[in-house]
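Chain by chain, the residues:
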Amino acid sequence: MCCSSRLPRAKQTGACSRLATAVALVFVLAVAAASSSAQAQSLDPAPDPYRYYPVPTPGSINSDISAGSTVANLGSSFLERLGNQATNGFGNALRNNPGGGGASQSSEQPVYRTWGEAYGITANTQAQGNFVGDSRSTVGGVVGVGARIAPGVNVGLSVDQSDTAIDVPLAFQSATLDLTQIGFNASVDKGPWTWALALVHGFGTVGSRRETLFGRIATASYNAQIDGALTELSYYWSSGQTRIVPKAALEYTRAETGAYQEVGGFDPEAASATAAERARLLIGAEVGHYWIVDGKIFDLSGYSKFVDNFVQNFGASTVTLGPQSITVQGIGESQYGVDTGASASLSVTNAVRVYINYDGKFRSSMQSHQGTLGIEFKW
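Below: a short report on this structure. Quick caveat: nothing in here was measured; it's all calculated off a predicted structure.

Evaluation of the coordinates by the stated rule reveals 20 salt bridges. Put simply, Arg81 and Asp160 hold a salt bridge, and the shortest N to O gap is 2.8 Å. Taken as a pair, Arg81 in helix α2 (residues 62-87) and Asp160 in strand β3 (residues 153-168) lie far apart in primary sequence, 79 residues in all. Taken as a pair, Arg81 and Asp160 share a single burial class, namely buried. Between Arg243 and Asp299 there is a salt bridge, and its shortest N-O distance comes to 2.7 Å.

Given below as C-alpha cells:
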C-alpha cells in the first residue's frame, strides 16, 4: 500500500517539472524576441512625428545643374570644332591645291599633320525655373595628329584638356570642372562634296562649394562624363579665290554627373546621379576668301548656322536631406538658336599654318564666346 501511494506522487512531480521547464522556455523565447525587436527598432528608427526635419530646397544644387550643362556644352564645342576641321573650306582648298591659286593641283600633298590649340571660353546662363543663373569661364588646350590614309580620306585623333570655374553668386555656390576629352574625326572628299564624322568621349571631376547657414561651407566631389557624335555634309563652291560652303550637320550628346554626398556645412545634402541628352540639327554656310602674298596664303572666313535642338532631355536629380527628399529638374537650351564665328589663317609655308578663331553660341537664355589660337604642321 505504501509503494502504490508513492507512484502517483512521483508521476505528479515529473509532470510539474516538465511544465515548469516549458514555461521557462516560452519566457526565454519571448524575452529574446522582444530584445531583437527593440534592437531592430533602434537600428532603423521611425521618423518622430513631433520633430522638425529640414527640407532641401531646389536651389541648393544650382552649381551641380550648371556643371552638368557645362559638360554637355564643352562636349558639343569639341565635336563641332572637330567637324569644322574636316569641312572647313580653306582646308578643302589646301587638300586639293596645297599651293593655293598659283600652284598646280598635281603638287605633292603632305600626308601627316599635327596641331596644337589654346582656347578660352566665357559663358553665362540666365535664370530659368529654380535655377538662378550662372557665369562660367574655361581655359583649355588641344593637341592632335592626323593623316591622309587614302586619296580624299583623312583621319585625326586629338585630346582636349580644360578647366572651368563656375560661379552661381545668387545661390552662394561655386564649382570647378576638370574635363579631359578624347576626339576622333574622319572625312571623305568626293569632288566638291565632303562628308565628316566626329566622335568624343570625355571624363572629369566636379568639385562643388556651397555656403550654408552661419557661413559654414559644404563641399562635394563627384565624376562627370560626356559622349557625343556628329556627322556633317558640306559642298564646296568657289569663284577665283572666294568660296561659299553650305553645311548641314546632326549632333548627339549625352552628359552625366555622378551622385554625391556633401561634407561639412549646416545640414549637408546628398544628390543622385543625373544624365542629360540632346540632339540637334545645324544648317548654315561658310564664306571665305584668301590672298597670296610673297608665297604666303592669308585667309579670312566667317560662318553662321541655324540650330534646332529638336530633342532635349534635361534630366532630374533627387536631393536628400535626412528623411526628406525632393526632385529637381535640370536645365537646357532654347530649342532654336544661332552659332556664328570667324577665322583668320596664315599659311607661312606649305608645312606651317597659324590661325585664330572666334566661335559664338546664342540662345534665348544662354550665350557663349570662345577664342582659339592654333598652329598646324604638315609633312
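Back to the text.
A separate point is the packing of aromatic side chains. Evaluation of the coordinates by the stated rule reveals 6 aromatic pairs. Here the aromatic rings of Phe214 and Phe266 are separated by 5.6 Å at their centres, their planes lie at 85°, and the arrangement is edge-to-face. Of this pair, Phe214 sits in the loop between β5 (193-211) and β6 (217-235) while Phe266 is found in the loop between β10 (263-264) and β11 (270-271), placing the two residues 52 residues apart along the sequence. Exposure remark for Phe266: the relative accessible area of 30% places this residue in the partly exposed category. Positioned over the ring face of Tyr119 is Arg81, at 4.8 Å from the centre of the ring.

Once that is clear, we can look at the sheet that holds strand β14 (residues 316-321). Judged by pairing direction, the sheet is antiparallel, and its 4 strands sit side by side in the order β9-β11-β14-β15 without closing on themselves. Where the open sheet ends on each side, the last strands, each with one partner, are β9 (260-261) and β15 (324-329). Taken together, the 2 bridges between β11 and β14 define a ladder with antiparallel strand orientation. Within β14, the position partnered with Ala270 by the bridge is Thr320.

On inspection of all chains with the given rule, the structure shows 3 cavities of 30 Å³ or more. Its boundaries defined by the atoms lining it, the second largest cavity holds a volume of some 360 Å³. Contributing to the lining of the second largest cavity are 31 residues, with Gly68, Ser69, Ala276, Phe314 and Ile331 lying nearest its centre. Here the element with the most residues in the lining of the second largest cavity is α2; it accounts for 6 residues.

The rules we used
All chains use their own residue numbering, which begins from 1 and follows the written sequence. Reporting in this predicted model follows two pLDDT cut-offs: at least 70 for local features of residues, and 80 or more for side-chain atom pairs to be given and counted; totals over whole chains, interfaces and linings ignore these cut-offs and use all residues. The basis for every side-chain value is the complete set of non-hydrogen atoms in the structure, without hydrogens or water. Within this document, salt bridges are pairs made up of a side-chain nitrogen of Lys or Arg and a carboxyl oxygen of Asp or Glu, the two lying within 4 Å of each other. Numbering of helices and strands starts at the N terminus; helices are DSSP runs of H or I of at least 4 residues and strands are runs of E of at least 2. Only protein chains enter the accessibility calculation, which uses a 1.4 Å probe. A residue is then buried if its area is under 20% of the maximum for its type, exposed if over 50%, and partly exposed in between. We call Phe, Tyr and Trp rings a pair once their centres come within 6.5 Å, taking the six-membered ring for Trp, and we label the pair stacked below 30 degrees between planes, edge-to-face above 60, and tilted otherwise. In this analysis the charged atom, NZ for Lys or CZ for Arg, is taken to sit over a ring once it is within 6 Å of the ring centre and within 35 degrees of the ring normal. Pairing between two strands is assigned when DSSP locates at least 2 bridges connecting them. In the cavity and pocket records, a cavity denotes points on a 1 Å grid over the protein atoms alone where a 1.4 Å probe fits but cannot get out, a pocket denotes an open set with protein on both sides within 12 Å along at least 5 of 7 lines, and lining residues are residues with an atom within 4 Å of a point. Grid points are joined across faces, edges and corners, and a volume is the space filled by probe spheres set on the points.

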